[in-house]
Amino acid sequence: MTDEKAYAYKVTAAGRVNIIGEHIDYCGGKVFPAALSLKNTVYVRPNGTNNINLSWTTLPDKVSLDTENLLRYKSLKYGNYQAGSALMWRRAGKKIVGCDMLQDCTVPFGSGLSSSAAIEVSTIAALAAVAGEEIDPVEIALLAQKAEREFAGVNCGIMDQYASACGKSGNAMLLDCKTLKCEYVPVKLGGYSLVIINCNKPHNLVESRYNERRAETDAGLEALKDIAGITCLADLTLKQFDRCASLLHNKIRYRVKHVVEECERVKLAQNAMAAGDMVTLGRLLNESHTSLRYLYEVTGKELDALAAAAQGHPACAGSRMTGGGFGGCTISIVRTEAVEDFKKYVLARYEKDTGYKATCYEAEISDGITVQKL
Ligand code: GLA
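Remember, it's a predicted structure, so these values are computed and weren't measured experimentally.

(A) A look at unusual backbone geometry. The backbone phi angle of Leu180 is positive, close to 65 degrees, even though this residue is not glycine. Structurally, the position occupied by Leu180 is in the loop between strand 6 (171-176) and strand 7 (181-186). Assessed through its relative accessible area of 24%, Leu180 is described here as partly exposed.

Have a look at this one:
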């Protein structure tokens, strides 16, 4: 049990699930994530030194970060995200205070539910709290994204950090990644539930394959920007795509097609959610998965098997991978009264097809950053 009274603040930031709008945040698209009750909690107190002393509720490790020399911690197994976050906080000209931080993460690592964003965002918010600086969730999200890009080496978009910082209980977020305008959309699933299942495939080379996809979409934009008069791929219409598609090499054409069509699906999903039309929303999830499988090539056989098992259950309106891909989780929309039967069926079917045991998570749609004075 954590002795909360021994700390000055309890700060949390959320993991997230993305309902739809995958691999389009870094193309300036609109995405549709929601923050989860799976989160990272940081208990923090000032310690009167120049060091950030890290410990974990779930790990025996103890790490001390010298706040004057944060660059040296890039290759730490545990503590690297915290070091990168502190470095970006410092570089932004903010006051940094030596402190003890106890970290308690309930977002499963490598699951596609943004454990890294939850760690980065909560660490920066904890540094702000203990230094008496203002907590501005959007600013913190942007600094956390910088940590992920410049320190962890993943050239990510803004979706994860934004959802982790700015999420709102009971609401999904329609986030325009070009303008950072965010509309909160109450999640009303009318008799259906969201079910998140991890395929538990060990990840490998995720960062380099993610960065490769991003470079491919950059190449697509470069090839089309003058001819289509666009500054980001999300602004390319379906009609324009059809007209210019032959200018693109095969692989780049597939990637761009995914981006353009996924942007369309987000619009349709927003309408379906507003109308309470879960059948249409489910169909859009299925189409998104197919596109991520064949056009964007970020699924892999385990995620494909898990999505197929889910889609094969009669109570499932639709299912797809969520997050960066190459492993991690699926999200499914399932009739609430059949959820237990659905889970049993999918876990058994998936294990039979792949030999891996999948894991289901219980999670609510929850708030982003919270700060509690202890
Ligand atoms: C990862 C990245 C996000 C986003 C998703 C794919 O989670 O961190 O920025 O690109 O992949 O949608």
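(B) Geometry of the packing of aromatic side chains. Under the definition given, this model contains three aromatic pairs. Against the face of Tyr7 rests Arg45, its NZ or CZ located 4.4 Å from the ring centre. Positioned over the ring face of Phe151 is Lys74, at 5.7 Å from the centre of the ring.

(C) Quick look at the packing of helix 9 (residues 301-311) against helix 10 (residues 339-354). With their axes 9 Å apart at the nearest point, helix 9 and helix 10 run at an angle of 140 degrees to one another. As helix 9 packs across helix 10, the resulting crossing turns out to be right-handed. Two secondary-structure elements touch here, helix 9 through Glu302, Ala305, Leu306, Ala309 and Ala310 and helix 10 through Phe342, Tyr345, Val346, Arg349, Tyr350 and Thr354. Across the contact of helix 9 with helix 10, the residue classes tally to eight nonpolar, one polar and two charged.

(D) Structural context of the site of the ligand. Taken together, Arg16, Glu22, His23, Asp25, Tyr26, Cys156, Gly157, Met159, Asp160, Tyr210, Gly323 and Gly324 form the complete shell of residues around the ligand. Interatomic distance of 3.1 Å between a side-chain N/O atom of Arg16 and an oxygen atom of the ligand. Relative to its unbound accessible surface of 310 Å², the ligand loses 93% to contact with the protein. Its residues assigned to classes, the shell around the ligand comprises four nonpolar, four polar and four charged.

(E) Region of the structure containing the nonpolar core. Counting 126 residues, the largest nonpolar core has Met101, Leu113 and Val256 as the members making the most contacts within it. If sequence neighbours within four positions are ignored, Met101 has contacts with Val42, Tyr43, Val44, Ile52, Asn53, Leu54, Ser55, Thr123, Ala126 and Leu127.

(F) Quick look at the pattern of salt bridges. Across all of its chains, the model carries 26 salt bridges by this definition. In this structure, Lys94 engages Glu139 in a salt bridge whose closest nitrogen and oxygen atoms are separated by 3.0 Å. Of the two residues, Lys94 sits in the loop between helix 1 (80-91) and strand 5 (99-105) while Glu139 sits in helix 3 (residues 137-151), which places them 45 residues apart along the sequence. Residue class for Glu139 comes out partly exposed when judged on its relative accessible area of 28%. A salt bridge links Glu362 to Lys343, with the shortest nitrogen-to-oxygen separation between them at 2.9 Å. Here Glu362 is found in the loop between strand 11 (359-361) and strand 12 (370-373), whereas its partner Lys343 is found in helix 10, with 19 residues between them in sequence. Residue classification places Lys343 among the buried positions, given a relative accessible area of 10%.

(G) View of the pairing of strand 2 (residues 30-46). Among the 17 residues that make up strand 2, 12 are buried, leaving the element largely enclosed by the rest of the structure. For strand 1 (residues 9-20) and strand 2, the ladder comprises 10 bridges, and the chain directions are antiparallel. Across the sheet, residue Val11 finds its bridge partner in strand 2, namely Val42. Bridge count for strand 2 against strand 6 is two bridges, and the pairing is antiparallel. Residue pairing for strand 6: Val31 is matched across the bridge by Leu175. Bridge analysis of strand 2 against strand 5 gives seven bridges, and the strand direction is antiparallel. Opposite Pro46, over in strand 5, you have Cys99 as the bridge partner.

(H) Here's a closer look at helix 8 (residues 278-294). With 17 residues, helix 8 extends 24 Å between its outermost C-alpha atoms, agreeing within 8% with the 24 Å of an ideal straight helix rising 1.5 Å per residue. Residues of helix 8 that are buried include every one of Met278, Leu281, Gly282, Leu284, Leu285, Ser288, His289, Ser291 and Leu292, and no others. Taken together, the buried residues of helix 8 touch strand 1, strand 8 (192-198), helix 7 (250-275), helix 9, strand 9 (316-322) and strand 10 (329-335). At the N-terminal boundary of helix 8, the capping side chain belongs to Asp277, with an oxygen 3.3 Å from the backbone nitrogen of Val279.

(I) Main features of the layout of surface pockets. What the second largest pocket holds in volume is close to 320 Å³. Along the wall of the second largest pocket there are 16 residues; nearest its centre are Ser193, Leu194, Val195, Glu362 and Ala363. Of all the elements in the fold, those that place two or more residues in the lining of the second largest pocket are strand 8 and helix 10. Here the lining of the second largest pocket gets five residues from one element, more than from any other, and that element is strand 8. Each residue belonging to the lining of the second largest pocket can be placed in one class, and the counts come to 11 nonpolar, one polar and four charged.

What counts, and where the lines are drawn
- Residues numbered from 1 in each chain as written.
- Predicted model: local features only at pLDDT ≥ 70, side-chain atom pairs only at ≥ 80, totals over all residues.
- Heavy atoms only, no water.
- Helix = DSSP H or I, 4+ residues; strand = E, 2+ residues; numbered from the N terminus.
- Buried < 20%, exposed > 50% of the residue type's maximum accessible area, 1.4 Å probe, protein only.
- Phe/Tyr/Trp six-rings, centres within 6.5 Å; stacked < 30°, edge-to-face > 60°.
- Lys NZ or Arg CZ within 6 Å of the ring centre and 35° of its normal.
- Axes fitted to C-alpha atoms, helices over the stretch in contact; angles between N-to-C directions.
- Left-handed = near helix turned anticlockwise from the far one by under 90°.
- Contact = heavy atoms within 4.5 Å.
- Nonpolar A, V, L, I, M, F, W, Y, C, P; charged D, E, K, R; others polar.
- Near = heavy atom within 4 Å.
- Polar contact = N/O pair within 3.5 Å; in protein donor to acceptor, adjacent residues only side chain to side chain.
- Areas by Shrake-Rupley, 256 points an atom, 1.4 Å probe, with all protein chains shown as cover.
- Core = buried A, V, L, I, M, F, W, Y, C linked by side-chain atoms within 4.5 Å.
- Salt bridge = Lys/Arg side-chain N within 4 Å of Asp/Glu carboxyl O.
- Pairing = 2+ DSSP bridges.
- Expected span 1.5 Å × (residues − 1).
- 1 Å grid on protein atoms, 1.4 Å probe; cavity = no way out; pocket = protein on both sides within 12 Å on 5 of 7 lines; lining within 4 Å.
- Points joined across faces, edges and corners; volume = space filled by probe spheres on them.

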